[in-house]
Amino acid sequence: MLDLKSMSPEELSEALRQMGEPPFRGRQVFQWLCRGAKSFDEMTNLPKGLRDKLKETAALAPPKVARKQVSKLDGTIKYLWELSDGNCVESVLMRYRHGNTVCISSQAGCRMGCAFCASAIAGKARDLTPGEMVDQVLFTPTESGVPVSNIVLMGIGEPLDNFDAVLKFLELVNRPDGLNVGMRHISLSTCGIAPGIRRLAELRLQLTLSVSLHAPDDETRSQIMPVNRAYGVEELFGACRDYFQMTGRRISFEYALIDGVNDHDWQAERMAERLRGMPAHVNLIPLNHVTERTLRPSRRMREFQALLERLGVTVTVRRSLGGDIDASCGQLRRRAAEAQEQKR
Ligand code: SAH
């Protein structure tokens, strides 16, 4: 089956040309897809014959809502989507004063194995297609009735481990004739795949790069984030420096404070040293408790923050949304897997 939702207008035109259609049909189909069409029969400016032909050769099924949860605390909405092959992923809609944000998944599961993260527990089932990422951006607002202005790639999966599909997704949502979401309204979070950061830097996109740092020293970082054994702290910061030089964009560093693991004063000092001369923003995150994990949230949040501030680091503590619906970062995949187990 043709994966129309992952195609640019140019690729759609080519696909339609090969079906013996005039190329402008490609643009028409693209417009319908951007409007979230759920069937070819909705595409009323296409001739009936073409709609029937497309039904036979192309897939259009939208993801199914397997579960929806709404936070009573802050209105955060979480969707569990069932994809066409039965795999499930989640998206989270967060309401902020500066605009509503949809947090999307880039893979079904994750193979990065971070010790604190629920997404890592079941491993990776497969990469998502660009179209499956676009679907999350399209259907989260239409299903909920809440408009969205920002996109963050911070759901399940490691975006730079699905580089080409993520790049294509960015093109599709960013195009003025597509969803027209400005790059400055998009954030991408990575566990620190240094070569991926360099590849991204070369494209000079104006999106916000978030690096999940969680420790400034190799020993601690390798212990909680296996990716660090492949790309150590030195190499990671090298890539970040290059990224800043190429794009001029300030990088965000995520740091979930874990009791007795990464919350020592010397680690704040080491981080400040590492960040010297690089415009950066550190986001301290209260560790979300994951039932299957033994790591505990740090009680030193305020002290750690104050020390970083004294050392000249720009730092904020991230407000956690959706705490009552397991919508907080890192908790997504596990619930999805459990939900699937329940269905079987
Ligand atoms: N793979 C990407 C994006 C997905 S995770 C990445 O690693 O950045 C989104 C964020 O949630 C990351 O910063 C991740 O480190 C963080 N996270 C995962 N589990 C967490 C937990 N239990 N508590 C707090 N943050 C967590």
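About the cut-offs
- Residues numbered from 1 in each chain as written.
- Predicted model: local features only at pLDDT ≥ 70, side-chain atom pairs only at ≥ 80, totals over all residues.
- Heavy atoms only, no water.
- 1 Å grid on protein atoms, 1.4 Å probe; cavity = no way out; pocket = protein on both sides within 12 Å on 5 of 7 lines; lining within 4 Å.
- Points joined across faces, edges and corners; volume = space filled by probe spheres on them.
- Helix = DSSP H or I, 4+ residues; strand = E, 2+ residues; numbered from the N terminus.
- Nonpolar A, V, L, I, M, F, W, Y, C, P; charged D, E, K, R; others polar.
- Domains from an automatic or database assignment.
- Contact = heavy atoms within 4.5 Å.
- Buried area = accessible area lost by both parts, 1.4 Å probe.
- Salt bridge = Lys/Arg side-chain N within 4 Å of Asp/Glu carboxyl O.
- Polar contact = N/O pair within 3.5 Å; in protein donor to acceptor, adjacent residues only side chain to side chain.
- Core = buried A, V, L, I, M, F, W, Y, C linked by side-chain atoms within 4.5 Å.
- Buried < 20%, exposed > 50% of the residue type's maximum accessible area, 1.4 Å probe, protein only.
- Near = heavy atom within 4 Å.
- Areas by Shrake-Rupley, 256 points an atom, 1.4 Å probe, with all protein chains shown as cover.
- Arc of directions from axis to C-beta.

### A look at the layout of surface pockets
Thinking step 1. Within this model, the second largest pocket holds a volume of roughly 390 Å³.
Thinking step 2. For the second largest pocket, the lining is made up of 22 residues, of which A59, A61, S84, E132 and D135 are closest to its centre.
Thinking step 3. Elements supplying a minimum of two residues to the lining of the second largest pocket: β2 (77-82) and α4 (130-144).
Thinking step 4. For the lining of the second largest pocket, the element with the most residues is α4, which contributes 4 residues.
Thinking step 5. Classifying every residue of the lining of the second largest pocket gives 11 nonpolar, 5 polar and 6 charged.

### Here we look at the domain arrangement of the chain
Thinking step 1. Under the domain assignment used here, the chain contains domain 1 (4-57) and domain 2 (64-343).
Thinking step 2. Here the C-alpha centroids of domain 1 and domain 2 sit 34 Å apart.
Thinking step 3. Opposite the 13 residues of domain 1 that make contact, domain 2 presents 14 residues.
Thinking step 4. Taking both sides of the interface into account, the surface hidden between domain 1 and domain 2 amounts to around 1,000 Å²; carbon and sulfur atoms contribute 52%.
Thinking step 5. Summed over the three residues of domain 1 that lose the most area to domain 2, namely K5, S6 and C34, the buried surface amounts to 45% of that side.
Thinking step 6. Inspection of the domain 1/domain 2 interface yields 4 salt bridges.
Thinking step 7. A salt bridge links E10 to R175, with the shortest nitrogen-to-oxygen separation between them at 3.0 Å.
Thinking step 8. On inspection of domain 1 and its partner domain 2, the count reaches 6 residue pairs in polar contact (both at pLDDT 80 or more).
Thinking step 9. Of all the elements, helix α2 (residues 24-34) adds the most residues to the side of domain 1 that touches domain 2, at 4 residues.
Thinking step 10. Classifying every residue of the side of domain 1 that touches domain 2 by side-chain character gives 5 nonpolar, 4 polar and 4 charged.

### Quick notes on the side chain of S210
Thinking step 1. On the secondary structure map, S210 appears in strand β9 (residues 208-212).
Thinking step 2. Within polar-contact distance, the side chain of S210 engages the side chain of E254 at 2.9 Å.
Thinking step 3. Once residues lying within four places of it in the same chain are set aside, the contact partners of S210 are M154, L188, S189, T190, S252 and E254.

### Some thoughts on the nonpolar core
Thinking step 1. Within the largest apolar cluster, 98 residues are counted, with the highest numbers of intra-cluster contacts made by F169, F253 and V282.
Thinking step 2. When residues of this core are assigned to their parent elements, the largest contribution, 7 residues, is made by helix α5 (residues 163-174).
Thinking step 3. Both domains that furnish three or more residues to this core are identified here as domain 1 (4-57) and domain 2 (64-343).

### Some remarks on the site of the ligand
Thinking step 1. In the region of the ligand, 19 residues are neighbours, and G157, S189, S212, H214 and N288 sit closest.
Thinking step 2. One nitrogen or oxygen atom from the main chain of C191 is found 3.4 Å from an oxygen atom belonging to the ligand.
Thinking step 3. In this structure, S212 approaches the ligand through a side-chain N or O atom, which is 2.6 Å from an oxygen atom.
Thinking step 4. Starting from 530 Å² of accessible surface for the ligand in isolation, the protein chains cover 96%.
Thinking step 5. Every element with two or more residues in the shell around the ligand is listed here: β8 (186-190) and β10 (251-257).
Thinking step 6. Residue classes in the shell around the ligand are distributed as 9 nonpolar, 8 polar and 2 charged.

### Brief notes about helix α6 (residues 194-203)
Thinking step 1. Those residues of α6 lying buried are A194, G196, I197, L200 and A201. The buried side chains of α6 occupy one side of the element, clustering within an arc of 155° when seen end-on.
Thinking step 2. Check the buried side of α6 and you find it contacts α5, β8, β9 and α9 (233-247).
Thinking step 3. Phi turns positive, to about 50°, at R204, one or two residues after α6.

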